[in-house]
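Each chain is listed here by its residues.
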Amino acid sequence: MLTVAKGANAALMFFLELGALGSVAYWGFTVSPNWIIKIVAGLGAPAILAVLWALFAAGGGENATYALHGVVRAVFEIAWFGSAALALYSAATLTPALIFAGIYAINAVLRLIWNQV
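This is a predicted model, so every value here is computed, not measured.

Calculation notes
What you see as residue numbers is a count from 1 along each chain, following the sequence as written. For this predicted model, a pLDDT threshold of at least 70 governs which residues receive local features, and a threshold of 80 or more governs which side-chain atom pairs are given and counted, while totals over whole chains, interfaces and linings are taken from all residues. Side-chain numbers here rest on the full set of heavy atoms in the structure, without hydrogens or water. A helix here means a DSSP run of H or I that spans at least four residues, while a strand means a run of E at least two residues long, and both kinds are numbered starting from the N terminus. The classification of residues rests on relative accessible area computed with a 1.4 Å probe and restricted to protein chains. Under 20% of the type maximum is buried, over 50% is exposed, and intermediate values are partly exposed. The set of buried Ala, Val, Leu, Ile, Met, Phe, Trp, Tyr and Cys residues whose side-chain atoms join them within 4.5 Å is what this entry labels a nonpolar core. Two residues qualify as a contact provided that any one of their heavy atoms is within 4.5 Å of a heavy atom in the partner residue. Of the grid points, spaced at 1 Å and generated over the protein atoms alone, those admitting a 1.4 Å probe that cannot get out make up cavities, while open sets with protein on both sides within 12 Å along at least five of seven lines make up pockets; any residue with an atom within 4 Å of a point is treated as lining. Grid points are joined across faces, edges and corners, and a volume is the space filled by probe spheres set on the points. Any residue outside Ala, Val, Leu, Ile, Met, Phe, Trp, Tyr, Cys, Pro, Asp, Glu, Lys and Arg is labelled polar, Gly included; the first ten of those are nonpolar and the last four are charged. Here, expected helix span is obtained from the residue count minus one, scaled by 1.5 Å. Relevant arc is that of directions from the helix axis to the C-beta atoms, nothing else.

(A) View of the environment of Val-71. Within the secondary structure layout, Val-71 lies in helix α3 (residues 70–91). Val-71 gets classed as exposed once you look at its relative accessible area, which sits at 65%.

See the structure below:
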């Protein structure tokens, strides 16, 4: 049963990563009435986040170009997912941002407890 829960938590992490990219894209497409700014921000912001994730955190650090570990990894994750929650707050309201941040926090605590980081 615990194996299933650990697998579900790992899958949740993947969906949180996708949700972060989607949140930033949503923010980008709502940031301005100017269509050029919408396109640049809506496509550029998630691209920047994706590059940062690939460089420093992909695959729990196993697939990252410059893998981060320990406290530095935790700070990076909090900043990365926090930027997505802030973008969601900026584009929508506080409730979806808090839900996203709360789900991430629960996922992170479970990953620490189950040594999935």
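Right, picking up where we left off after that structure.
(B) Quick peek at the nonpolar core. Ala-20, Val-24, Trp-53, Phe-76, Trp-80, Phe-81 and Phe-100 are the most contacted members of the largest nonpolar core, which has 21 residues in total. Residue assignment for this core shows that the elements contributing at least two residues are α1 (2–30), α2 (35–56), α3 and α4 (94–113). Counting residues per element, this core draws most heavily on α3, at seven residues. When near neighbours in sequence (up to four residues on either side) are disregarded, Ala-20 contacts Leu-49, Trp-80, Phe-81, Ala-84 and Phe-100.

(C) Highlighting the layout of surface pockets. Reported here for the largest pocket is a volume of approximately 220 Å³. Lining the largest pocket are 13 residues, with Arg-73, Ala-74, Glu-77, Leu-112 and Val-117 positioned closest to its centre. Taken together, the elements giving at least two residues each to the lining of the largest pocket come down to α3 and α4. Sort the elements by how many residues they give to the lining of the largest pocket and α3 lands first, with five residues. Its residues assigned to classes, the lining of the largest pocket shows seven nonpolar, three polar and three charged.

(D) Structural context of α3. The terminal C-alpha atoms of α3 lie 32 Å apart, and with 22 residues this matches the ideal 32 Å at 1.5 Å per residue to within 8%. Looking only at α3, the buried set comprises Arg-73, Phe-76, Glu-77, Trp-80, Phe-81, Ala-84, Ala-85, Ala-87, Leu-88 and Ala-91. End-on, the buried residues of α3 take up no more than an arc of 160 degrees, which puts them together on one face. Exposed residues pointing more than 90 degrees away from the buried face of α3 are listed as Val-71, Val-72, Val-75, Ile-78 and Leu-86. Where α3 is buried, its residues touch α1, α2 and α4.

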